[in-house]
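What the coordinates show
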Amino acid sequence: MPYLPSLVLVVIGVVALVVIAIRVTRSLRRFTGASTLVGDNVGNGVGLLKARTAALGVAFAERRSDQPRVRSTDRGRQEDHRG
């Protein structure tokens, strides 16, 4: 039985490796979930910023237009003016 101490050390090493692997896997899952939330929030913020920038671009383009501004007249519904 000279191999018994070596076998016990191998079993203890495998058990320790399994325990460490389980803890690392749980930590990675938590990290993945947190990074997904952060990425979604950043993506939402970037999308909102792009939309606001586009809206400002449209507003400035309308203000700088070479065409004269015409006031819209309220004619109501077309059916009201049949005559």
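Just above, that's the structure.
Residues numbered from 1 in each chain as written. Predicted model: local features only at pLDDT ≥ 70, side-chain atom pairs only at ≥ 80, totals over all residues. Heavy atoms only, no water.

Secondary structure assignment for the protein chain yields 1 helix and 0 strands. For the protein chain, the residues scored as buried account for 0% of the 83 residues in total. Accessible surface for the protein chain amounts to roughly 8400 Å². Of this, 63% is attributable to carbon and sulfur atoms. (Helix = DSSP H or I, 4+ residues; strand = E, 2+ residues; numbered from the N terminus. Buried < 20%, exposed > 50% of the residue type's maximum accessible area, 1.4 Å probe, protein only. Areas by Shrake-Rupley, 256 points an atom, 1.4 Å probe, with all protein chains shown as cover.)

With that out of the way, let us pick up a nonpolar patch on the surface. A grouping of Leu-4, Leu-7, Val-8, Val-11, Ile-12, Val-15 and Val-19 is seen on the molecular surface, where their side chains present a nonpolar patch of about 610 Å² in accessible area. Within the element layout of this structure, Leu-4 appears in helix H1 (residues 4–63). (Patch = residues over 30% accessible without salt bridge, like charges linked within 9 Å, V, L, I, M, F, W, Y side chains within 5 Å. Salt bridge = Lys/Arg side-chain N within 4 Å of Asp/Glu carboxyl O.)

For the rest of this paragraph, the subject is a positive patch on the surface. Taken together, the side chains of Arg-23, Arg-26, Arg-29 and Arg-30 make up a positively charged region of the molecular surface. With respect to the helices, strands and loops of the structure, Arg-26 is situated in helix H1. (Lys, Arg positive; Asp, Glu negative; His and termini not counted. Charge placed at Lys NZ, Arg CZ, Asp CG, Glu CD.)

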